[in-house]
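# Overview (structure and organization)
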Amino acid sequence: MSFSWNSGGQYVTYPQKAPLILLTKQPVQLETPRHCFLSPFTPNSSFYVRWHLNSLSSSVNLSEWRLNLEGNVKKPMWLSMSNLLGRFKPASIVAVNQCSGNSRSRFQPSVSGGQWGNGAMGNATWTGVRLKELLDVAGIKKHSIMVQFEGMDRGKGGKGVGANKFLKSLGLDNPVLDKCLIAYRMNDKPLPMLNGFPARLVVPGYFATYWVKALTSIRVLDKPDDNYWMKSAYRVPNTPRGNTTPQDITTGKVKFLPIDRMPVRSFIIAPDGSSELPRGKQVKLHGIALSGHDRVVKVEVSSGDGTMWSEAQLGEDFGAYSFRTWEFTWTPARLGSHVLSVRATDGQGNVQPDGGIWNPGGYMWNKIESQEMVVATSI
Ligand SMILES: Nc1nc2c(c(=O)[nH]1)N[C@H]1C(S)=C(S)[C@@H](COP(=O)(O)O)O[C@H]1N2
Ligand SMILES: [Mo]
């Protein structure tokens, strides 16, 4: 079975956005085209878009916008954008934002949810205030266990739609909190409205569901967060790779956990298979790799049946949470169809597997990707 790299929707243009591939209008979901991944940084205008609720702001008055620090804290407070800019030293990190359901259209049997191709991901330099500094000024009270993030968007709520607000939480004992930023800049520019202007949470290594956009509140909780987006949505089987079967689900015995880090993945970006290649000439393959567990340390390419792998050359290192570009020189020796495959390994020894997975949410796909290329007469 071969899939097209992106989903098959029409190209649409939204405010502050280059033409992107439409998945759904309500809520708005837009996929980034393959060619945008030739560079390690995804331009803001091409960065994919995913919202859950329909009621979004089309503008924010920055003189009125406030970020509330509230809940189980010693000094509840609200901060204006000038407070964030003036009182806290900016910090930056390069990090991949990938939707948990990226590549969901590959699931067999198919599962409900946005039928993304591979373009529900992007990489950017995020700049803002360290979450830990904000929590320190507010002062976490005793018996606190989680920190919850709330976005500005609103929806109907109720059955099948989830809660009417988008709320996600992280445990206060989670070491990822030390890496989190409240980002007000993306690739050194303000965030586009559709990507969460004026500020969003950045959780390096974690799936984007935690990267709450259009942030309005940071709330310290003294009880577990059992809101819809934590208790019912974005949960994966407590099995290796989050893999299960429809049969096992019907037994009711599969345990689910909130999704967290992104498994290692890699992609061939070019050539994209749309043109024939000459026999006997060198062809430069270009691609990217990522892992939410540790930096990518190796990328390998196979031009045969997947038994022989050769190491690709890694591009510039922008940090453990960034896309890592790679290049590989391939010389096709025979005419006809060739299947090129790519697999990445991260610093913890996680390697992409040959097989797909299945779970009811359509999350965490990271099977080895392949691209067919046709070689025509030598030139
Ligand atoms: N406020 C808010 N933040 C949100 C969401 C949302 O629906 N509302 N969706 C989350 C999910 S599931 C994803 S995949 C990312 C998408 O980020 P992007 O639109 O900037 O690409 O935003 C996350 N943050
Ligand atoms: Mo997502």
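Residues numbered from 1 in each chain as written. Chains lettered and ligands numbered in written order. Predicted model: local features only at pLDDT ≥ 70, side-chain atom pairs only at ≥ 80, totals over all residues. Heavy atoms only, no water.

The final tally for this structure, using the stated rule, is 13 aromatic pairs. Where W5 meets F267, the ring centres are 5.7 Å apart and the plane angle is 65°; that geometry is what we call edge-to-face. Residue W5 is located in the segment before β1 (11-12), and its partner F267 is located in strand β16 (residues 265-270); the two are separated by 262 residues in the primary sequence. Look at F267 and you get buried, because its relative accessible area is 0%. In textbook terms, an aromatic cluster arises when at least three aromatic residues are bridged by ring pairs, as seen for F47, Y48, W116, W126 and W211. Over the aromatic face of W309 sits the side chain of R343, whose NZ or CZ is 4.3 Å from the ring centroid. (Phe/Tyr/Trp six-rings, centres within 6.5 Å; stacked < 30°, edge-to-face > 60°. Helix = DSSP H or I, 4+ residues; strand = E, 2+ residues; numbered from the N terminus. Buried < 20%, exposed > 50% of the residue type's maximum accessible area, 1.4 Å probe, protein only. Lys NZ or Arg CZ within 6 Å of the ring centre and 35° of its normal.)

Another point: the domain arrangement of the protein chain. Domain annotation of the protein chain identifies domain 1 (54-233) and domain 2 (265-376). Placing a centre on the C-alpha atoms of domain 1 and another on those of domain 2 gives a separation of 31 Å. Listed by partner, the interface residues are 24 residues for domain 1 and 19 residues for domain 2. Taken over both partners, the interface formed by domain 1 and domain 2 buries close to 1800 Å², and the fraction arising from carbon and sulfur atoms is 64%. Taken together, the links from domain 1 to domain 2 amount to 0 salt bridges. (Domains from an automatic or database assignment. Contact = heavy atoms within 4.5 Å. Buried area = accessible area lost by both parts, 1.4 Å probe. Salt bridge = Lys/Arg side-chain N within 4 Å of Asp/Glu carboxyl O.)

What follows concerns the site of ligand 1. Taken together, 20 residues are adjacent to ligand 1, and Y48, H52, D153, R200 and K213 come closest. One nitrogen or oxygen atom from the side chain of H52 is found 2.7 Å from an oxygen atom belonging to ligand 1. Here an oxygen atom of ligand 1 and a side-chain polar atom of N195 are 2.8 Å apart. In the complex, the protein chains occlude 100% of the 530 Å² of accessible area that ligand 1 would expose alone. A molecule is said to occupy a pocket when more than half its atoms come within 2 Å of that pocket's grid points, and by this definition ligand 1 occupies the largest cavity. Elements represented by at least two residues in the shell around ligand 1 include exactly β4 (49-50) and β9 (146-154). Split by residue class, the shell around ligand 1 holds 11 nonpolar, 5 polar and 4 charged. (Near = heavy atom within 4 Å. Polar contact = N/O pair within 3.5 Å; in protein donor to acceptor, adjacent residues only side chain to side chain. Areas by Shrake-Rupley, 256 points an atom, 1.4 Å probe, with all protein chains shown as cover. 1 Å grid on protein atoms, 1.4 Å probe; cavity = no way out; pocket = protein on both sides within 12 Å on 5 of 7 lines; lining within 4 Å. Sits in = over half its atoms within 2 Å of the grid points. Nonpolar A, V, L, I, M, F, W, Y, C, P; charged D, E, K, R; others polar.)

What follows concerns empty space enclosed by the protein. Take a probe with the size of a water molecule and roll it over the atoms, and the empty space left behind shows itself. Scanning the model with the defined rule gives 2 cavities of 30 Å³ or more in all. Looking at the largest cavity, its volume works out to about 230 Å³. Every residue lining the largest cavity is counted, 20 residues in all, and those nearest its centre are R50, R200, A208, W211 and K213. Where the lining of the largest cavity is concerned, the elements lending two or more residues are β4 and β9. Taken together, the residues of the lining of the largest cavity break down into 10 nonpolar, 6 polar and 4 charged. Lining the second largest cavity are R295, V296, D317, G319, A320, S322 and R324. Partitioning the lining of the second largest cavity into residue classes produces 2 nonpolar, 2 polar and 3 charged. (Points joined across faces, edges and corners; volume = space filled by probe spheres on them.)

Looking now at the confidence of the model for the protein chain. The pLDDT averaged across the protein chain works out to 96; a share of 98% of its residues lies at or above 70. When mean pLDDT is taken per element in the protein chain, strand β8 (residues 121-130) scores highest with 99 and helix α3 (residues 228-231) scores lowest with 94. (pLDDT = per-residue confidence, 0-100.)

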